[in-house]
Amino acid sequence: KSRSRKRLVAFVMTAGVIGVLLVLYYFNPARTALYPPCLFHLATGCYCPGCGSLRAIHSLLHGRVVDALSLNPLMVISIPLLGLMLMKPNWVYRPWVAWTAMVTLIVYGIIRNVPVWPLTLLAP
């Protein structure tokens, strides 16, 4: 029974991801009100580490890698790491992984808001 439950959970999660990707493929986040705005950006005027991610994924789904990189380079380069986490999840539970991710997100969130070239290239 446990095995069939795991299969069901995997199926539902996969269907959910495919559904989200289909919505992102067909509805451009830059041109529709379907997606909520970034609350951090609304409150502060600054870009969070995730700002531009939906538009970047939309661009990736349409084969526009350069556009995606210009919107959120950290998200784009993290996709292979997320795939590795799914294939080999054991290393994810090591303390250095969480610390590295946290520091990376904080530093990225700060430097993408510095109004000095070339750091301005990190803003969406």
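None of the values given here were measured: they were computed from a predicted structure.

**Description of the overall build of the chain**
Move 1: The number of helices and strands found in the chain is six helices and zero strands.
Move 2: When the helices and strands of the chain are read in sequence order from the N terminus, they spell out α-α-α-α-α-α.
Move 3: Taken along its principal axes, the extent of the C-alpha atoms in the chain is 55 × 40 × 30 Å.
Move 4: Burial status across the chain gives 20% buried among its 124 residues.
Move 5: Of the contacts formed within the chain by residues at least 6 apart in sequence, a portion of 44% connects residues at least 24 apart.
Move 6: Element-wise, carbon and sulfur atoms account for 73% of the exposed surface of the chain, whose accessible area totals about 9200 Å².

**Quick word on helix α3 (residues 53-61)**
Move 1: Among the residues of α3, those classed as buried are S53, A56, H58 and S59.
Move 2: Buried residues along α3 sit against α1 (2-26), α4 (65-71) and α5 (73-87).
Move 3: In the segment just after α3, G63 is the residue with positive phi, at about 80°.

**Quick notes on the packing of aromatic side chains**
Move 1: The tally for this structure, following the rule as stated, stands at two aromatic pairs.
Move 2: Consider the rings of Y25 and Y26, whose centres lie 4.9 Å apart with planes at 85°: the pair is edge-to-face.
Move 3: Residue Y25 is classed as partly exposed on the basis of its relative accessible area, which comes to 34%.

**A closer look at the pattern of salt bridges**
Move 1: Scanning the entire structure with this criterion turns up one salt bridge.
Move 2: Here R64 and D67 are joined by a salt bridge, their closest N and O atoms 3.2 Å apart.
Move 3: Residue R64 is classed as partly exposed on the basis of its relative accessible area, which comes to 35%.

**Some details on the packing of α3 against α5**
Angle between the axes and distance between the axes are the two parameters that describe a pair of packed helices.
Move 1: At a minimum axis distance of 9 Å, the contact between α3 and α5 shows a crossing angle of 60°. For the pair α3 and α5, the crossing hand works out as right-handed. Along the contact surface, α3 presents S53, A56, I57 and L60, while α5 presents M75, V76 and I79.
Move 2: Grouping the constituent residues of the contact of α3 with α5 by class yields six nonpolar, one polar and no charged.

**A closer look at the side chain of N28**
Move 1: Along the polypeptide, N28 turns up in the loop between α1 and α2 (39-44).
Move 2: Among the polar contacts listed, one links the side chain of N28 to the backbone nitrogen of A30, at a separation of 2.9 Å.
Move 3: Beyond its immediate sequence surroundings of up to four residues, N28 is in contact with Y35 and H58.

**Concerning the environment of W99**
Move 1: Looking at where W99 falls in the secondary structure, it is placed in helix α6 (residues 95-111).
Move 2: C-alpha separation for the pair W99 and K88, spaced 11 residues apart in sequence, amounts to 19 Å.

How each quantity is defined
- Residues numbered from 1 in each chain as written.
- Predicted model: local features only at pLDDT ≥ 70, side-chain atom pairs only at ≥ 80, totals over all residues.
- Heavy atoms only, no water.
- Helix = DSSP H or I, 4+ residues; strand = E, 2+ residues; numbered from the N terminus.
- Buried < 20%, exposed > 50% of the residue type's maximum accessible area, 1.4 Å probe, protein only.
- Contact = heavy atoms within 4.5 Å.
- Areas by Shrake-Rupley, 256 points an atom, 1.4 Å probe, with all protein chains shown as cover.
- Phe/Tyr/Trp six-rings, centres within 6.5 Å; stacked < 30°, edge-to-face > 60°.
- Salt bridge = Lys/Arg side-chain N within 4 Å of Asp/Glu carboxyl O.
- Axes fitted to C-alpha atoms, helices over the stretch in contact; angles between N-to-C directions.
- Left-handed = near helix turned anticlockwise from the far one by under 90°.
- Nonpolar A, V, L, I, M, F, W, Y, C, P; charged D, E, K, R; others polar.
- Polar contact = N/O pair within 3.5 Å; in protein donor to acceptor, adjacent residues only side chain to side chain.

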